[in-house]
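Understanding the architecture of this molecule
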Amino acid sequence: MSLKKVIASLKKENNFLITSHVNLEGDALGSQIGLYYLLKAIGKRAVIVDDDTIPYGYEFLPEGKIIKRFRRGKTKIDFDCLVILDCSDLRRAGEVGKIDLKGKAVINIDHHISNEIFADVNWVEPDTSSASEMVYKLYKKMGVPFEKNSALALYVGILTDTGSFHYSNTSGATHRAAAELMECGLKVNAIYRQIYETIPFSDMKLLGNILPGIKRAFAGRVVWFELERKLWAGKKISFDLSEHILSFGRAIEGVEVVCLFKENLGAKNEIRVNFRSHGRVDVNKIARIFGGGGHKTAAGATIHGRLPVVRSKVLSKVKAAVAAI
Ligand SMILES: [Mn+2]
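Residues numbered from 1 in each chain as written. Predicted model: local features only at pLDDT ≥ 70, side-chain atom pairs only at ≥ 80, totals over all residues.

Quick word on the overall build of the chain
- Regarding its fold elements, the chain presents ten helices and twelve strands.
- Expressed along its principal axes, the backbone C-alpha trace of the chain runs to roughly 55 × 40 × 40 Å.
- For the chain, the residues scored as buried account for 40% of the 325 residues in total.
- Here the analysis covers contacts within the chain between residues at least 6 apart in sequence; of these, 67% occur between residues at least 24 apart. (Helix = DSSP H or I, 4+ residues; strand = E, 2+ residues; numbered from the N terminus. Buried ≥ 20, exposed ≤ 12 C-beta atoms within 10 Å, placed from the backbone. Contact = placed C-beta atoms within 7 Å.)

Quick notes on the packing of helix α4 (residues 148-161) against helix α5 (residues 172-182)
- Two numbers describe how α4 lies on α5: the axes approach to 9 Å, and their chain directions differ by 150°. Crossing geometry of α4 relative to α5 is assigned as left-handed. For the pair formed by α4 and α5, the contact residues are Ala-151, Leu-154, Tyr-155 and Ile-158 on the first element and Thr-174, Ala-177, Ala-178, Leu-181 and Met-182 on the second.
- For the contact of α4 with α5, the per-class residue count stands at eight nonpolar, one polar and no charged. (Axes fitted to C-alpha atoms, helices over the stretch in contact; angles between N-to-C directions. Left-handed = near helix turned anticlockwise from the far one by under 90°. Nonpolar A, V, L, I, M, F, W, Y, C, P; charged D, E, K, R; others polar.)

Focus: the sheet that holds strand β3 (residues 67-69)
- Strand order in the open sheet made by the six strands is β3-β2-β1-β4-β5-β6, with parallel pairing throughout. Each edge of the open sheet carries a strand with a single partner, namely β3 and β6 (121-124). Each neighbouring strand pair of the sheet contributes to a mean axis angle of 25°, computed without reference to strand direction.
- In the sheet, strand β5 (residues 105-110) pairs with β6 via four bridges, with the strands oriented parallel. Bridging across to β6, Ile-107 finds its partner in Val-121.
- Strands in contact with helix α1 (residues 2-12) are β4 (81-85), β5 and β6; relative to β6, the strand with the most contacts, it is inclined by about 135°. (Pairing = 2+ DSSP bridges.)

Section: the domain arrangement of the chain
- Along its sequence, the chain is organised into domain 1 (2-196) and domain 2 (201-323).
- Each of domain 1 and domain 2 has a C-alpha centre, and these two points are 26 Å apart.
- In this assembly, nine residues from domain 1 lie in contact with eleven residues from domain 2.
- Taken together, the residues that form the side of domain 1 that touches domain 2 break down as four nonpolar, five polar and no charged. (Domains from an automatic or database assignment.)

Description of the pairing of strand β10 (residues 270-277)
- The buried fraction of β10 amounts to six of the eight residues, a majority that puts the element mostly inside the structure.
- The turn joining strand β9 (residues 257-263) and β10, which pair antiparallel and follow one another in sequence, is formed by six residues; a positive phi near 55° is taken by Asn-269.
- Looking at chain direction, β10 and strand β12 (residues 298-304) are connected through seven bridges and run antiparallel. Looking at the pairing, Arg-272 lines up with Thr-302 of β12.

So this is what it looks like as structure tokens:
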């Protein structure tokens, strides 16, 4: 039982480094902050260090100041146990994942089905909505009470990873967890607004330019968007366009799979592909063909190559998967 092993390790070690993946989002933040307060509550030392900054829309979390950004050669961390959350492998943690782990204990807490079981203690639950819901279970099992800040962080993680409780990863247990967290004094309407209803006007106009570029194939069962770098090169984009674009794609009648092809700004000829499915197609399997992974209904991969070439390779796999259902 991995949960028990995690608890034993948390009790045994004293100095914790907590981290999560690059491109921080709600679940990465929520699970890290939740675990941070749990460790504090049981008298341990802990720091959160990430290879990324707090993304737009999450500045309302008061823990922004305690999350340190990793700087290679500059950030000195004294720790004896690394806890890595919401990451299917160490590479997802970027530079933090490259820290020398000789002599250190490593705990892996994750809900990705593609998890590589890479740590000393691995607690992986692909059927749980979020890493934050897993940290919620830790609190319950250890008998640590929720405070307002820990409840807020865990609620945010669960809210965002379930698409506000409408993805298929949402269970009765997820709702019961959310209900208990809410009762710690959370104002859920204000939280929702902070996360989903703070899109700057200029970004919304840009989204308005992108949506007409939607394409479809295979009798409308697959839709996709292509984001060429020229669309936003030089523009300041404040929020995560990808999630919103994918949501529009998902909402179309008859769609099984949505793909988003995005030319990465940082690297030439590198395409980030995000997949969403309604559950009949396992997009984790498709993403894995291209070196990525994720969940059955939400996955991604970073693929080297020119956009038209990557698109045709990916769509042929998607087509095969759709044809098989
Ligand atoms: Mn997650």
